[in-house]
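# A closer look at the structure
Next come the chains, spelled out residue by residue.
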Amino acid sequence: MDNITIVENKRKKLATFFWIVFPISVALFVTSFFIINYGNSGNNSLLIASFIAIIIGFVGLIISLLIPNKVFNRIIRNTFNEAIAKSVYKNYDYTQKNGLSFKEINKSLVFKKPDDFATSETFRFSYKDVEIVSSNYVFTKIEVYTDNHGTHTERKEYPGRYFEFHLERNLGEGLEIIEKRYNSNVFHKSLYKEKVEFESMEFNKKFRITTNNKEKAFYFIRPKELLDIVELEKAFKGNLVMVFNGNYFYFIIDNNNVNYGVSFLKKFNENSLEIIKDFYKIPLKIVDKLGLDKDRFNNTSIDE
């Protein structure tokens, strides 16, 4: 039995679980809600039973909506991760957990200080002679607050994807491009002092740009690449953060859970596999769209 058939069989089981648990949970939740608000008639036993049923229904909804998708992503990763990585990245190094420290991932200084931080699925490889690091991360803040019921601790997790591109040419001055709807708990919105606006009105509406050298800012990003970045922003679920600094370009997709683009509710086949490959090709597309393999980023003789 081939891997596609194996995954499809497992997907069917998850879909069956969903179509059993989800409608039952909806029925319990809606019926109990109606009884509590409109049909109780002073029957305490019915009221208690309805409260219990509405809790069970709510929990069932959460489980049916979240668990199958999480399990399906894990099945895909465990089944195809190595094969797809070999076909897309050719030669690579892979670390499943904590392949990057926070110090390594924050060389750009764009992240604020977390209370906890973890990385996973870290790949190191080259494409068109550009050395690339790709990793998932979870940035965690722990908030302590007090109310009438005492002191509480709340753990807030912010997932994302991190891409690091090593450039042969040291560009020196920095440039930060960050979406205006950025997460202020995770990122610094103004790494540099000088604000910049590019030629594209659409780009300027979406992004905040700061630098410490306005002249070089227009050298980093060309007019066509502004449009390419806007297209990339539309393609990703999450907010984009980009930083040029020294020999590196950093591309971060904030608030982005790992999602291979396929659903456990749809048949898994060869087309599904191609969609998953697109997930792995994201850093390659960034190199192509922004021309990170071009001379202006890699020809060291320009500065001589």
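Residues numbered from 1 in each chain as written. Predicted model: local features only at pLDDT ≥ 70, side-chain atom pairs only at ≥ 80, totals over all residues. Heavy atoms only, no water.

Now for the overall build of the protein. Helix and strand content of the protein: nine helices and nine strands. Reported as C-alpha extents along the three principal axes, the dimensions of the protein are approximately 85 × 60 × 35 Å. When the 304 residues of the protein are sorted by exposure, 43% land in the buried category. Put simply, 65% of the contacts in the protein that link residues at least 6 apart link residues at least 24 apart. If you sum the accessible surface of the protein, you get close to 16600 Å²; carbon and sulfur atoms cover 53% of it. (Helix = DSSP H or I, 4+ residues; strand = E, 2+ residues; numbered from the N terminus. Buried < 20%, exposed > 50% of the residue type's maximum accessible area, 1.4 Å probe, protein only. Contact = heavy atoms within 4.5 Å. Areas by Shrake-Rupley, 256 points an atom, 1.4 Å probe, with all protein chains shown as cover.)

A few words now on a nonpolar patch on the surface. On the surface, Phe17, Ile55, Phe58, Val59, Ile62, Ile63, Leu65, Leu66 and Ile67 cluster together into a nonpolar patch covering about 790 Å² of accessible area. In terms of residue count, the dominant contributor to the nonpolar patch is helix 2 (residues 44-89) (eight residues). Mapped onto the fold, Ile55 is located in helix 2. For Ile55, a relative accessible area of 53% corresponds to the exposed category. (Patch = residues over 30% accessible without salt bridge, like charges linked within 9 Å, V, L, I, M, F, W, Y side chains within 5 Å. Salt bridge = Lys/Arg side-chain N within 4 Å of Asp/Glu carboxyl O.)

Do not read the predicted coordinates in detail wherever pLDDT is low. Looking at the protein as a whole, its pLDDT mean stands at 87, while 96% of the residues score no less than 70. Predicted confidence in the protein is weakest over helix 6 (residues 223-235), with a mean pLDDT of 77, and strongest over strand 2 (residues 116-127), with 95. (pLDDT = per-residue confidence, 0-100.)

Our focus in this paragraph is the pairing of strand 9 (residues 248-254). For strand 9, a buried count of six out of seven residues is recorded, marking the element as mostly surrounded by other parts of the structure. Strand direction decides the pairing type here: strand 4 (residues 150-166) and strand 9, joined by seven bridges, are antiparallel. Counted as the bridge partner of Arg161 is Ile253 from strand 9. Looking at chain direction, strand 8 (residues 239-245) and strand 9 are connected through seven bridges and run antiparallel. (Pairing = 2+ DSSP bridges.)

Next up on the list: the packing of helix 7 (residues 270-280) against helix 8 (residues 282-290). The interhelical angle for the contact between helix 7 and helix 8, taken along N-to-C directions, is 60°, at an axis separation of 4 Å. On the basis of the axis angle, helix 7 is oblique to helix 8. Where helix 7 abuts helix 8, its residues Asp278, Phe279 and Tyr280 lie against Ile282, Pro283, Leu284 and Lys285. (Axes fitted to C-alpha atoms, helices over the stretch in contact; angles between N-to-C directions. Parallel < 35°, antiparallel > 145°, perpendicular 65-115°, else oblique.)

Below, the discussion takes up the pattern of salt bridges. Per the stated rule, a full pass over the model turns up eleven salt bridges. Here Lys86 makes a salt bridge to Glu82, at a shortest N to O gap of 3.3 Å. Note that Lys86 and Glu82 are positioned in helix 2 at a spacing of four residues, about one turn of the helix. Residue classification places Glu82 among the partly exposed positions, given a relative accessible area of 49%. Glu179 is the salt-bridge partner of Arg181, the closest N and O atoms lying 2.8 Å from each other. What emerges from the salt-bridge pattern is a single network uniting Asp116, Arg155 and Glu157.

This paragraph deals with unusual backbone geometry. The backbone phi angle of Lys90 is positive, close to 65°, even though this residue is not glycine. By secondary structure assignment, the location of Lys90 is in the loop between helix 2 and strand 1 (92-97). The class of Lys90 is exposed, set by a relative accessible area of 55%. The backbone of Glu121 sits at a positive phi, close to 50°, despite the residue not being glycine. If you trace the backbone, Glu121 turns up in strand 2. We classify Glu121 as buried; its relative accessible area is 10%.

With that settled, consider the packing of aromatic side chains. Summed over the entire model, instances satisfying the criterion amount to 30 aromatic pairs. Summarising the aromatic geometry, the rings of Phe18 and Phe22 are spaced 5.0 Å apart at their centres and angled 15° between planes, so their arrangement reads as stacked. Of this pair, Phe18 and Phe22 are both found in helix 1 (residues 3-38), four residues apart, which corresponds to roughly one turn of the helix. Judged by its relative accessible area of 6%, Phe18 is buried. We classify Phe22 as partly exposed; its relative accessible area is 25%. Ring centres 6.2 Å apart and planes at 15° place the aromatic pair Phe111 and Phe139 in the stacked group. One end of the pair, Phe111, is in the loop between helix 3 (102-105) and strand 2; the other, Phe139, is in strand 3 (residues 130-147), with 28 residues separating them in the sequence. Its relative accessible area of 2% is what places Phe111 among the buried residues. Members of the aromatic cluster, joined through ring pairs, are Tyr89, Tyr92, Tyr94, Phe123, Phe125, Phe279 and Tyr280. (Phe/Tyr/Trp six-rings, centres within 6.5 Å; stacked < 30°, edge-to-face > 60°.)

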